[in-house]
Amino acid sequence: MKQIIACVKLVPAAAEVALDGQFRLKRDSTSLQLNIADLSAVEAALGLKEADTQVTVLSMGPAKGEALLQELFALGVDRVVLLSDRALAGADSLATARALAAGVRCLGEFSCILCGRRALDAETGQIPGQLAAALDIPAVTNGQQLEKADNGLSCRRLLETAVETLTVELPCVVSLCEYSYTLRLPSILGRRRAKDKQVEILTAADIGLVAEQCGLQGSKTKVVHVDTKAPGLRKCSYCNPEALCGIIKGVQ
Amino acid sequence: MQELLLIQGTRPDMGLQRKAAQLAETGKLQLRILSVAKAEAATADDSAIAKGLVAETNNARVILAPATVRLRCIMPMLAYRLQAGLTADCTGLEITETGQLLQTRPAFGNSLMATIETLSAVQMATVRPGTFPADPNGEYPQTEEWEACFSDAVKCIEQQRQTGDQGITQAKIIVSGGAGIGSKEGFDKLKAFAHKIGAALGASRNAVDLGYAPYSAQVGITGATVSPRLYIAVGISGAVQHLAGMSGAETVIAINQDPKAPIFQYADYGIVGDWETIINQLEELL
């Protein structure tokens, strides 16, 4: 395998996030963390790495994510590319996949792209499929236990009532479930090597996109209203354990 | 006439079928139901199915599908090929008389519901399975079987049926824990209590993310949708993500230390206090 690309997203660390006037996430005001499922993608990529393999991490988001991404070098990641541009902000999954695909095309030949199966903030889980469609390659979603196989990769796919063992041809996209891998810790040697490496930041223009294709402008969905209450409001009567006991016994 | 295309898979959602019929009528669209169940059985390659489906969308104004694992891979691929907007895992759908679809889904991890409009000519959405009630007497157009697909770019070598996840969706009583439980040991205690009263153990996404409980126990938008007779939420704050998965419960009991926790607004009965003390008391009483 020549190059393995791991896509990661930096998501707001706080449970409560602020929205701006157009219902977009205010990404400037909160601190960031690596999306949990993406940790598995990075670890799986490092696990598949051979002597001549380059592991590249691709991300899109605000420039302030650079510091967090920089830490990935110490784990053995060879290259980190961050797509960062005001024009890319506010993208729905379609515009995000378009930008990531344009970014991937700038990275050269690759064997596979690994992603987390969904992000903790928007939770659409649509990027892996859309990215694969943009690049016209197959995808497996909800994956676990990725291994090298004769003509590509083998992995498990978690379905609602079954677990499948699949083989998939290269190049391909595989999305991984949360906790399918535990991300390694940096080694001392890794930390030393990381010092010479730098996150590369690319703008929309760098990856060949014009403003109409990106961000809010390039999106086909629009949030028109936000409600702070979920449906299903009930009237709560506060009671003591004795009363609860009666309710539980009534159902048993 | 423009179509509302409903794509069903191996796990058809009859409630969504009923909803689709209503939406088609209001939006003055022709309902067309296409099943890809045979294609799903014939190939594990979702990209091949999505590619093949493009030819079926010439008259489509709206494309809906239940948010099963495979359709949640197929629909995004189809959406990209059509350059159409796609909303994931909706829990509400409405349509205007001009056929503009309004999609509702929980958003951004806290207590927010977003209503989304699609700007492209084709409007696509996946819908949380089990969101809409089915109507066994409803009359629908005949489902077309679609199987025009073969690919071995992704091949299934082995399939193992799993029954573990069934427990939570079919349980009569569910005791569910959140981040407020505080530890894995706390969850063991909650599990023991659940077993004692014949209940299944559930968990919020926060609890699963913290490693307190396995993903198979997760209730909510990215976990299971449950509708037990009794749902006991312990140490769960009540994020929309979670509420979307349990609002179908007949009776909801909330136990939480924080009197301001949103879960109390979605519960029939509540106790404010330390969960461990309350569970201990309940164990003695039962």
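Just so it is clear, the structure is predicted and the values come from calculations on it, not from any experiment.

Draft legend 1. Summary view of the pattern of salt bridges. Evaluation of the coordinates by the stated rule reveals 24 salt bridges over all chains. For arginine 184 of chain A, the salt bridge identified is with glutamate 43 of chain A, shortest N-O distance 2.9 Å. Taken together, the residues span a long stretch of sequence, with arginine 184 of chain A in the loop between strand S10 (172–176) and helix H5 (188–194) and glutamate 43 of chain A in helix H1 (residues 36–48) at a distance of 141 residues. Across the salt bridge formed by arginine 81 of chain B and aspartate 136 of chain A, the nearest N and O atoms sit 2.7 Å from each other. You can see arginine 81 of chain B sitting in helix H4 (residues 71–82) and its partner aspartate 136 of chain A sitting in the loop between helix H4 (127–135) and strand S7 (139–149), one on each of two chains. Since its relative accessible area comes to 29%, arginine 81 of chain B is described here as partly exposed. Overall, aspartate 136 of chain A belongs to the partly exposed group, its relative accessible area being 44%.

Draft legend 2. View of the domain arrangement of chain B. Residue and element names in this part refer to chain B. Here the domain parsing of chain B yields domain 1 (3–145) and domain 2 (166–285). The C-alpha-based centres of domain 1 and domain 2 are spaced at 31 Å. At the interface, ten residues of domain 1 touch twelve residues of domain 2. Linking domain 1 with domain 2 are two residue pairs in polar contact (both at pLDDT 80 or more). Residues of the side of domain 1 that touches domain 2, tallied by class, amount to four nonpolar, four polar and two charged.

Draft legend 3. Spotlight on the pairing of strand S14 (residues 251–256) of chain B. All names here are of chain B. Where burial is concerned, most of S14 is hidden: six out of the six residues are buried. Side chains Thr251, Ile253 and Ile255 project from S14 onto one buried face, and the interleaved Val252, Ala254 and Asn256 project onto a second face that is buried too. Two elements, strand S13 (residues 230–234) and S14, share five bridges in a ladder whose sense is parallel. Directly across from alanine 233, in S14, lies its bridge partner alanine 254. For the crossover that starts at S13, traverses helix H8 (residues 240–246) and ends in the parallel S14, the hand is right-handed. As paired strands, S14 and strand S15 (residues 269–272) are joined by four bridges and run parallel to one another.

Draft legend 4. Layout of the sheet that holds S15 of chain B. The sheet built from six strands is open, its strands ordered S13(A)-S15(B)-S14(B)-S13(B)-S11(B)-S12(B) with parallel pairing. Edge strands, defined here as strands with exactly one partner in the open sheet, are strand S13 (237–238) of chain A together with strand S12 (200–203) of chain B. Along the sheet, helix H9 (residues 275–285) of chain B makes contact with S13, S14 and S15 of chain B, crossing S14 of chain B at roughly 125°.

Draft legend 5. Inspection of the pairing of strand S4 (residues 54–60) of chain A at higher detail. All names here are of chain A. Along S4, six of the seven residues are buried, which leaves the element largely enclosed by surrounding structure. Direction of pairing for strand S1 (residues 3–8) relative to S4: parallel, over a ladder of six bridges. Counted as the bridge partner of valine 8 is serine 59 from S4. Both S4 and strand S5 (residues 79–83) contribute to a ladder of five bridges, which runs parallel. Counted as the bridge partner of methionine 60 is leucine 83 from S5.

About the thresholds
- The residue numbering used here restarts from 1 in each chain and proceeds along that chain's sequence as written.
- As a convention, the first chain written is A and the first ligand written is 1, with the rest following in written order.
- Given that the model is predicted, a residue must reach a pLDDT of at least 70 before its local features are reported, and side-chain atom pairs must reach 80 or more before they are shown or counted; all residues, however, enter totals for whole chains, interfaces and linings.
- As a convention, hydrogens and water are excluded, and side-chain values are obtained from all of the structure's heavy atoms.
- The term salt bridge refers to a side-chain nitrogen of Lys or Arg lying within 4 Å of a carboxyl oxygen of Asp or Glu.
- Counting from the N terminus, the helices are DSSP H or I runs at least four residues long and the strands are E runs at least two residues long.
- The classification of residues rests on relative accessible area computed with a 1.4 Å probe and restricted to protein chains. Under 20% of the type maximum is buried, over 50% is exposed, and intermediate values are partly exposed.
- A domain assignment, automatic or from a database, supplies the domain bounds used here.
- By definition in these notes, contact holds between two residues if any of their heavy atoms fall within 4.5 Å.
- Counted as a polar contact is a pair of N or O atoms within 3.5 Å, where, for protein atoms, one must be capable of donating a hydrogen and the other of accepting one, and residues adjacent in sequence contribute only when both atoms are in side chains.
- Note on residue categories: nonpolar means Ala, Val, Leu, Ile, Met, Phe, Trp, Tyr, Cys or Pro, charged means Asp, Glu, Lys or Arg, and polar means any other residue, Gly included.
- Here, a strand pair is defined by DSSP locating no fewer than two bridges between the strands.
- With strands facing away from the observer, any crossover in which the path from the first strand over the helix to the second runs clockwise is taken as right-handed.
- To get an axis, fit a line to the C-alpha atoms, keeping to the stretch in contact for a helix; angles then go from 0 to 180 degrees between the N-to-C directions.

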